[in-house]
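Per-entry structural report
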Amino acid sequence: DGWTGDGTCTCAGGWTGDDCAECPDNWVGENCDACRPGAFGESCEPCLCAHGDCNQGREGDGSCACAEGWAGETCEVCADSFFGDGCQPCLCLHGECNDGLQGDGSCTCTGNWDGPECSVCLPNWQGDACDSCVDDFFGPQCEACVCVHGTCLDGLGGDGSCTCEGEWQGPA
């Protein structure tokens, strides 16, 4: 400016750059009047959504719509039944998953379920809900019948008592 100036610009109205032709951070548009993608609100603050979509733009409030498997205000934690760094889905069918960012996806089976995904019955159990004893097992723990020459009173309501065949006698 004048004889004493050095040729540098003093930008007005929020313009930036050596020649005052660039929009300030987080602003775009011919008149720098819109938020850049990933910014929101009247002052175009940066969105903080880690794993999801931000309600962005001048009318946006910065709230996050989390991607599948993610939760939290900024989508920074795994949703229930998702685990690990990438929040993969847990595969437990009949059990509790070790979920969360630190989880490994392993399953703790409930009831009489077994297997890595809690998808098969424990030994000696059967049925769609693993809620009955296999043949020749009895009682609430599905214990093995010990009848040698006879028929066992088996099943959940059975007591394991034997009905002997022919001339056979005794408790087993």
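Sequence positions are assigned chain by chain, starting from 1 and proceeding in written order. The predicted origin of the model limits local features to residues at a pLDDT of at least 70 and limits the giving and counting of side-chain atom pairs to 80 or more, whereas totals for whole chains, interfaces and linings rest on all residues. Where side-chain values are given, they derive from all heavy atoms of the structure, hydrogens and water being excluded.

1. A short note on unusual backbone geometry
What counts is decided by this rule: Buried residues are those whose accessible area, probed at 1.4 Å on protein chains only, stays under 20% of the maximum for their type, while exposed residues exceed 50% and partly exposed ones sit between those limits. Starting at the N terminus, helices and strands are each numbered in turn, a helix being any DSSP run of H or I of at least four residues and a strand any DSSP run of E of at least two.
The backbone of C32 shows a phi angle near 50°, a positive value even though the residue is not glycine. A residue is classified by how much of its surface remains accessible, and C32, at 11% relative accessible area, is buried. Here D136, not a glycine, exhibits a phi torsion of approximately 70°, which is positive. Topologically, D136 is positioned in the loop between β16 (132–133) and β17 (137–138). For D136, a relative accessible area of 46% corresponds to the partly exposed category.

2. Regarding the state of the cysteines
Worth spelling out the cut-off: Any pair of cysteine sulfurs within 2.5 Å is marked as a disulfide.
This structure, assessed with the given rule, holds 13 disulfides. One disulfide in the model links C49 with C64; its S-S distance is 2.0 Å. In this structure the cystine formed by C49 and C64 twists about its S-S bond by roughly -95°; its chirality is therefore left-handed. With C49 in the loop between β4 (45–46) and β5 (52–54) and C64 in strand β6 (residues 64–66), the pair connects residues that are 15 residues apart, well separated along the chain. Residue class for C49 comes out buried when judged on its relative accessible area of 17%. Each sulfur of the disulfide joining C109 and C118 lies 2.1 Å from the other. Here C109 and C118 share a disulfide; its torsion about the S-S bond, -95°, makes the bridge left-handed. On the basis of relative accessible area, C109 is assigned to the partly exposed category, the value being 26%. Cysteine C9 remains unbridged, with the sulfur of C20 as its closest cysteine sulfur at 4.5 Å.

3. With respect to the pattern of salt bridges
The criterion, for reference: Take a side-chain nitrogen of Lys or Arg and a carboxyl oxygen of Asp or Glu: if they are within 4 Å of each other, that pair is a salt bridge.
Per the counting criterion, the structure on display carries 1 salt bridge. For the salt bridge of E42 with R58, the shortest nitrogen-to-oxygen distance reads 2.8 Å. Of this pair, E42 sits in the loop between β3 (39–40) and β4 while R58 is found in the loop between β5 and β6, placing the two residues 16 residues apart along the sequence. Among the residues examined, E42 registers a relative accessible area of 54% and is labelled exposed. In this structure R58 comes out as partly exposed when scored by relative accessible area, which is 28%.

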